[in-house]
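Topology and contacts: notes
Listed here are the chains, written in short residue letters.
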Amino acid sequence: MGRVTTRRPVTRLRGAHSSVRPDTPAVEEPLEIRVGGKPLAITMRTPGHDLELAHGFLATEGVVARRNDVTAARYCDGVDDAGHNTYNVLDVTLAPGVTPPDPSIERNFYTTSSCGMCGRASLEAIRLLTTHSPANDHTIVDARVISELPIKLRQYQKVFATTGGLHGAALFDTDGTMLVTREDVGRHNAVDKVIGWSLLHDQIPLRGRILMVSGRASFELAQKAVMAGLPILAAVSAPSSLAVDLAADSGLTLAGFVRGSDMNIYAHGHRISGLD
């Protein structure tokens with residue numbers, strides 16, 4: 001498995017003084033996800049938890065809904081100049097009866113770490129139907145619990161503390177207990193790893209759970225939350241307009257700018273108690 005950090009020389013300027021010192025960037029490498037030997041997508045990710053990433057990606061694409069929908073996942077083909085496995089190609093075998101990815105929902109073969117949805121052929125193709133709609137989830141959580149989640153997430157962002165270059169995502173119970181946290185150079189990858197972990201632990205749909213993300217709440221992250229059956233998505237930064245629209249339409253509670261006791265609630269605030 002590849003490293004999550006590397007060392008590179010950097011020239012540091014401090015006022016009028018400069019010095020050359022080693023720095024620690026986060027590693028970014030491609031992961032090609034194949035289904036039944038056929039390439040589906042390439043995403044630029046931080047190595048680690050690749051099985052979770054692939055399972056979460058397939059779940060949020062609507063390809064799989066439970067752990068048993070995948071019978072095998074193995075690294076293959078990717079080798080470096082010395083013939084060593086790069087662990088950058090992952091082939092997933094679906095269980096008999098599971099429909100393979102719909103070729104009509106086109107995705108560019110290359111997607112970036114910052115925007116996994118940029119390869120979609122059209123906006124209409126993005127609005128996937130979920131079998132785990134959060135609309136009927138009656139979860140209630142105290143606003144004080146949500147206000148504490150960014151600090152809890154940051155405490156477990158070990159690689160971010162070293163590099164300053166990774167996004168974080170974490171899954172919490174309504175009492176603020178953290179179930180899992182993942183980091184990645186791509187915010188959508190971090191979320192897919194969390195959802196993939198949940199799928200592998202038979203916890204989909206994620207009723208009564210909160211997803212906290214370290215950056216902004218894009219449309220894609222809102223869609224992934226909806227596809228996983230999450231009732232609440234909270235973000236340290238701003239949501240996009242499409243994320244707000246999707247949250248409102250799907251029954252997802254969406255909170256942004258969660259910083260200390262402050263936050264903005266953009267959709268379905270009835271799940272958050274303790275508000276004046």
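Per chain, residue numbering runs from 1 following the sequence as it is written. Restriction of local features to residues with pLDDT of at least 70 applies here, the model being predicted, together with a cutoff of 80 or more for giving and counting side-chain atom pairs; totals for whole chains, interfaces and linings are based on all residues. Note: side-chain values were computed over all heavy atoms of the structure, leaving out hydrogens and water.

The following threshold applies: UniProt positions are given in the numbering used here, feature names are shortened, and annotations may be inferred rather than shown by experiment.
You'll find the protein entered in an unreviewed UniProt entry as Sulfur carrier protein FdhD, with Gordonia terrae given as the organism. Annotation of the protein in UniProt includes, under Function (unreviewed entry), the sentence "Required for formate dehydrogenase (FDH) activity. Acts as a sulfur carrier protein that transfers sulfur from IscS to the molybdenum cofactor prior to its insertion into FDH." A UniProt comment under Subcellular location (unreviewed entry) is attached to the protein, and it reads "Cytoplasm".

**A word on the overall build of the protein**
Using the following cut-off: Helix and strand labels come from DSSP, where a helix needs a run of H or I of at least four residues and a strand needs a run of E of at least two; each type is numbered from the N terminus. When a residue's accessible area, from a 1.4 Å probe over protein chains only, is under 20% of the maximum for its type it is buried; when over 50% it is exposed; and in between it is partly exposed. Note on contacts: a residue pair qualifies if any of its non-hydrogen atoms lie within 4.5 Å across the two residues.
Across its full length, the protein holds seven helices and 15 strands. In the protein, buried positions account for 49% of the 276 residues. For the protein, the share of sequence-separated contacts (at least 6 apart) that also reach a separation of at least 24 residues comes to 52%.

**Some thoughts on the packing of helix H6 (residues 219-227) against helix H7 (residues 241-250)**
In a packed pair of helices, the relevant descriptors are the angle between the two axes and the axis-to-axis distance. Stated precisely, the cut-off is as follows: For every element, the axis is a line fit to its C-alpha atoms; helices are fit only across the contacting stretch, and the angle between N-to-C directions ranges from 0 to 180 degrees. Between 65 and 115 degrees an angle is taken as roughly perpendicular, under 35 as roughly parallel, over 145 as roughly antiparallel, and anywhere else as oblique. It is the rotation of the near helix from the far one that decides the hand of a crossing: anticlockwise by less than a right angle makes it left-handed, clockwise makes it right-handed. Residue type decides the class: Asp, Glu, Lys and Arg count as charged, Ala, Val, Leu, Ile, Met, Phe, Trp, Tyr, Cys and Pro as nonpolar, and the leftover types, Gly among them, as polar.
One way to put it is that H6 packs onto H7 with a least axis distance of 7 Å and a crossing angle of 20°. Regarding the angle of H6 to H7, the classification is roughly parallel. H7 is crossed by H6, and the crossing has right-handed handedness. Seen from H6, the contacting residues are Phe219, Ala222, Gln223 and Val226; seen from H7, they are Leu242, Ala243, Leu246 and Ser250. Of the residues in the contact of H6 with H7, the class split is six nonpolar, two polar and no charged.

**Brief notes about the packing of helix H5 (residues 187-200) against H6**
Closest axis-to-axis distance for the H5/H6 pair is 10 Å, and the angle between their directions is 10°. The orientation of H5 with respect to H6, classified from their angle, is roughly parallel. Touching Arg187, His188, Val191, Asp192 and Ile195 of H5 are Glu220, Leu221 and Lys224, all from H6. Here the residues of the contact of H5 with H6 sort into three nonpolar, one polar and four charged.

**Let's talk about the pairing of strand E14 (residues 262-267)**
Under the convention used in this document: The pairing criterion for strands is at least two bridges between them, as found by DSSP.
With four bridges joining them, strand E13 (residues 253-259) and E14 adopt antiparallel strand pairing. Within the sheet, the bridge partner assigned to glycine 256 lies in E14 and is asparagine 264. Linking E13 to E14, which pair antiparallel, is a turn of two residues; within it glycine 260 sits at a positive phi near 65°.

**Quick look at the sheet that holds E13**
The mixed open sheet is built from six strands, whose spatial order is E10-E9-E11-E12-E13-E14. Looking at the sheet topology across the chains shown, the edges are occupied by strand E10 (178-184) and E14. The average undirected angle you get between the axes of adjacent strands in this sheet is 20°. Across three bridges, the pairing between strand E12 (residues 232-235) and E13 is parallel. In the strand pairing of E13, isoleucine 232 is matched with threonine 253. Set on the sheet, helix H3 (residues 143-155) makes contact with strand E9 (167-173), E10, strand E11 (209-213), E12, E13 and E14; between it and E9 the angle comes to about 140°. Where H5 meets the sheet, it contacts E9, E10 and E11, and its direction lies at approximately 145° from that of E10.

**Some details on the pattern of salt bridges**
We apply this condition: The working definition used for a salt bridge is a side-chain nitrogen of Lys or Arg within 4 Å of a carboxyl oxygen of Asp or Glu.
A full pass over the atoms with the stated rule returns 11 salt bridges. Salt-bridge contacts for arginine 67 lead to aspartate 202; the nearest nitrogen and oxygen are separated by 3.1 Å. Placement of arginine 67 in the loop between helix H1 (50-60) and strand E5 (70-75) and of aspartate 202 in the loop between H5 and E11 is noted, with a sequence separation of 135 residues between them. Arginine 67 gets classed as partly exposed once you look at its relative accessible area, which sits at 36%. Across the salt bridge formed by lysine 224 and aspartate 192, the nearest N and O atoms sit 2.9 Å from each other. With lysine 224 in helix H6 and aspartate 192 in helix H5, the pair connects residues that are 32 residues apart, well separated along the chain. According to the relative accessible area criterion, lysine 224 is buried, its value standing at 1%. Since its relative accessible area comes to 0%, aspartate 192 is described here as buried. Three or more residues are tied together by salt bridges with common partners; here these are Glu29, Arg45 and Asp50.

**Observations regarding the nonpolar core**
One broad rule of soluble globular proteins: the nonpolar side chains tend to lie buried together. Threshold: As used here, the term nonpolar core means buried Ala, Val, Leu, Ile, Met, Phe, Trp, Tyr and Cys residues forming a set that is joined through side-chain atoms within 4.5 Å.
Counting 47 residues, the largest nonpolar core has Val64, Leu94, Leu211, Val213, Leu233 and Leu254 as its most contacted members. At six residues, H5 tops the list of elements feeding residues into this core. Non-local contacts of valine 64, meaning those with residues more than four positions away in its chain, are made with His55, Leu58, Ala59, Asp69, Val70, Leu94 and Leu199. Counting residues in each nonpolar core, the second largest holds 16 residues, with Leu149, Ala170, Ala234 and Met263 among its members.

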